[in-house]
Amino acid sequence: MTNKIIYWTSTSLVSLMMLFSAYAYFTDPNVSAGFTAMGFKDFFRIELGVAKTLGALVLLLPFSPKLVKEWAYAGFGITFISAFIAHSANGDPVSAMIMPLVALALLAVSRVFLAKIS
């Protein structure tokens, strides 16, 4: 029972973070300006918002096939590492660099406990 609680707590936190960030990607002009300041094209912001939404749903829906979940974990892992690198290279504050690492740690906990409850 404890393993399921840890799995669902970590998975829910990661998924909520991804859904909130995807929403901001679509609606917040400051986020759009941030992507532009880092040198990314606008289509990348939209593409990433869609991918984050789909990935969060895959992790949250219990009937998602395990192989599809593995792709979501891999995609989020790449996203979090890339976000850390982008914020570091852009000279952003440490707080902006730490959040992707926190998300990566939560993602790792979710993945480890998926294996324990499967």
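This structure is a prediction, so every number in the text was calculated from the model and none was measured.

Take the nonpolar core next. Counting 14 residues, the largest nonpolar core has Val14, Met18, Leu59, Tyr73, Phe76, Phe80 and Leu107 as the members making the most contacts within it. Mapped onto this core, the elements with two or more residues apiece are α1 (2-27), α3 (42-60), α4 (66-89) and α5 (94-117). Residues in contact with Leu59, not counting those within four places in the same chain, are Tyr7, Trp8, Thr11, Val14, Ser15, Lys69, Ala72, Tyr73, Phe76 and Leu107. One finds Ala24, Tyr25, Val31 and Phe35 within the second-largest nonpolar core, a separate group that totals five residues.

A separate point is the UniProt feature "transmembrane region" (unreviewed entry) in the protein. Here the UniProt feature "transmembrane region" (unreviewed entry) sits at residues 5-26, 46-64, 71-89 and 95-114. Across residues 5-26 one finds 100% helix and 0% strand; the C-alpha atoms that close the span lie 31 Å apart. Annotated as 100% helix and 0% strand, the span residues 95-114 places its first and last C-alpha atoms 29 Å apart.

Here we take up the packing of α4 against α5. For the pair α4 and α5, interaxial distance at closest approach is 8 Å and the crossing angle is 160°. Between α4 and α5, the angle is such that the two are roughly antiparallel. α5 is crossed by α4, and the crossing has left-handed handedness. Counting all contacts with α4, which are made through Lys69, Glu70, Tyr73, Phe76, Gly77, Phe80, Ile81, Ala83, Phe84, His87 and Ser88, the residues of α5 involved are Ala96, Met97, Pro100, Leu101, Ala103, Leu104, Leu107, Ser110, Arg111 and Leu114. Here the residues of the contact of α4 with α5 are counted per class, giving 14 nonpolar, four polar and three charged.

Quick look at helix α2 (residues 29-37) now. Here α2 has its buried residues at Val31, Ser32 and Phe35. Along the axis of α2, the buried residues cluster in a sector spanning 100°; they form a single face. Exposed and facing more than 90 degrees away from the buried side of α2 are Pro29, Asn30, Thr36 and Ala37. Its side-chain oxygen 2.8 Å from the backbone nitrogen of Asn30, Asp28 forms the N-cap of α2. Taken from the residues just after α2, Gly39 is the one with a positive phi, measuring 95°.

The next thing to look at is the packing of α3 against α4. Running from N to C, α3 and α4 point in directions that differ by 135°, and their axes come no closer than 9 Å. Overall, the two elements α3 and α4 adopt an arrangement that is oblique. Handedness of the α3/α4 crossing: left-handed. Judged by residue contacts, Leu48, Lys52, Gly55, Ala56, Val58 and Leu59 of α3 engage Val68, Lys69, Ala72, Tyr73, Phe76 and Thr79 from α4. When grouped by side-chain class, the residues that make up the contact of α3 with α4 number eight nonpolar, two polar and two charged.

Rules used in this analysis
- Residues numbered from 1 in each chain as written.
- Predicted model: local features only at pLDDT ≥ 70, side-chain atom pairs only at ≥ 80, totals over all residues.
- Heavy atoms only, no water.
- Core = buried A, V, L, I, M, F, W, Y, C linked by side-chain atoms within 4.5 Å.
- Buried < 20%, exposed > 50% of the residue type's maximum accessible area, 1.4 Å probe, protein only.
- Helix = DSSP H or I, 4+ residues; strand = E, 2+ residues; numbered from the N terminus.
- Contact = heavy atoms within 4.5 Å.
- UniProt positions renumbered as here; feature names shortened; annotations may be inferred.
- Axes fitted to C-alpha atoms, helices over the stretch in contact; angles between N-to-C directions.
- Parallel < 35°, antiparallel > 145°, perpendicular 65-115°, else oblique.
- Left-handed = near helix turned anticlockwise from the far one by under 90°.
- Nonpolar A, V, L, I, M, F, W, Y, C, P; charged D, E, K, R; others polar.
- Arc of directions from axis to C-beta.
- Polar contact = N/O pair within 3.5 Å; in protein donor to acceptor, adjacent residues only side chain to side chain.

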